[in-house]
Amino acid sequence: AAQQLGPNGTFLITTPGKMRVRGDVRFNAMTDNQSVNLFGRDSVEVILGSGSIHLSGQSPDQLAGNLTIEADDIVIATTQAIADISVMTSTAAIDARLAQNDGITSDIGALAANRITLNHNLDDSVYIQNSGTGTAFADRRGITFGQGGLFINGPGNQDSLVINAVHRGAGGGLVTGLDVIPLVNINAPTGSNTVVQTGFNAQSTINGCLIGNVASCTAPVRPSEDSSFPVQDVIDDPAEDEDGDGQSLPVPLITMRDLDPLSGEPLLDDPVTGAGNDDLWTPTDQP
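Values in this document were obtained by computation on a predicted structure and should not be read as measured data.

### Thoughts on the state of the cysteines
1) Next: Taken as a whole and judged by the stated rule, the model has one disulfide.
2) Next: Covalent S-S linkage joins Cys 209 and Cys 217, the inter-sulfur distance amounting to 2.2 Å. Residues Cys 209 and Cys 217 share a disulfide whose torsion about the S-S bond is about 95 degrees; that sign makes it right-handed.

What follows is the structure, given as structure tokens:
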């Protein structure tokens with residue numbers, strides 16, 4: 001149903017238990033002074049494929065407003081993925097499962113707003129499944145945040161985070177993959193003017209990359225043409241034989257000369273004392 005918010009209005013839903021978003025929730029013609037808040041004491045789950053929350057401005061492509069979700073656990077995934085990760089104890093295993101999109105693809109993802117804030121309580125988790133077409137860093141999707149930023153706040157001890165997200169710039173262009181990581185605030189102090197990332201466990205990821213070790217997430221480098229092993233140039237015009245019959249003998253690239261037949265004779269160790277055969281001598285005086 002169509003509803004109106006005041007110039008600085010807030011739409012709020014709260015529950016002491018678990019909250020699930022199964023429908024397509026859209027707020028249109030919003031400003032950055034208006035907010036949508038979902039507070040669940042136990043957890044808030046947005047079911048990927050059937051549930052979404054999109055906040056837009058004067059046009060559907062313009063991100064606007066502030067979206068805040070708060071709970072012990074925040075999960076944006078399909079029901080099957082939620083069931084699968086509920087029995088996993090390793091953040092790395094959860095990351096591998098949430099990399100798969102379960103056949104649900106969406107460029108904008110399940111959440112979209114100018115500013116998105118995800119507050120989780122205790123040492124719990126924020127899990128956002130990939131809704132992109134592939135698992136490569138730049139192919140991942142899940143949620144889309146605008147110039148207002150993405151803020152993830154928790155107790156700051158060992159928060160477990162698996163985030164798949166993209167950033168939409170002022171001109172509408174998307175920032176994807178590893179370039180999103182330095183734009184995400186994690187446990188940033190109130191009023192901080194710079195991006196802060198602290199208080200998460202070492203296996204936590206954004207777009208499939210370890211947040212604390214982005215340098216390890218480089219794409220494999222293919223060898224350049226200059227580094228390949230040199231090959232011999234191909235001769236395009238083979239020489240024709242002089243007889244013109246179209247047949248020519250192969251010309252060896254390396255010519256080997258015959259071995260010297262005397263080269264195998266043993267060396268003389270003793271000095272030569274003879275003067276040759278005297279019967280063959282020619283007299284010096286001619287008659």
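### A closer look at the environment of Gly 149
1) Next: In this fold, Gly 149 is placed in strand S11 (residues 143-153).
2) Next: Its relative accessible area of 10% is what places Gly 149 among the buried residues.
3) Next: Gly 149 sits 34 residues away from Arg 115 along the chain, and the two C-alpha atoms are 5.0 Å apart.
4) Next: Those residues within four positions of Gly 149 in sequence are excluded, and the remaining contacts are Asn 114, Arg 115 and Ile 116.

### As for the sheet that holds strand S16 (residues 205-206)
1) Next: Within the open sheet, the seven strands sit side by side as S2-S5-S8-S10-S12-S16-S17. Their pairing is mixed. Bordering the open sheet on either side are strand S2 (18-21) and strand S17 (209-210), each of which pairs with just one other strand.
2) Next: Packed onto the sheet, helix H2 (residues 91-98) meets strand S8 (73-77), strand S10 (125-128), strand S12 (160-163) and S16 and runs at close to 20 degrees relative to S12.

### With respect to the pattern of salt bridges
1) Next: Enumeration according to the criterion identifies six salt bridges in this entry.
2) Next: For Arg 20, the salt bridge is made with Glu 45, and the minimal N-O distance between the two is 2.4 Å. Placement of the pair is Arg 20 in strand S2 and Glu 45 in strand S5 (residues 43-47), with a sequence separation of 25 residues.
3) Next: With a relative accessible area of 37%, Arg 20 lands in the partly exposed category.
4) Next: Under the relative-accessibility criterion, Glu 45 is labelled buried at 6%.
5) Next: Between Asp 24 and Arg 26 there is a salt bridge; the shortest N-O distance is 3.1 Å.
6) Next: For Asp 24, a relative accessible area of 47% corresponds to the partly exposed category.
7) Next: Put simply, Asp 84, Arg 97 and Asp 102 are held in one network by salt bridges that share partners.

Reading guide: rules and limits
Residues numbered from 1 in each chain as written. Predicted model: local features only at pLDDT ≥ 70, side-chain atom pairs only at ≥ 80, totals over all residues. Heavy atoms only, no water. Disulfide = S-S within 2.5 Å. Helix = DSSP H or I, 4+ residues; strand = E, 2+ residues; numbered from the N terminus. Buried < 20%, exposed > 50% of the residue type's maximum accessible area, 1.4 Å probe, protein only. Contact = heavy atoms within 4.5 Å. Pairing = 2+ DSSP bridges. Axes fitted to C-alpha atoms, helices over the stretch in contact; angles between N-to-C directions. Salt bridge = Lys/Arg side-chain N within 4 Å of Asp/Glu carboxyl O.

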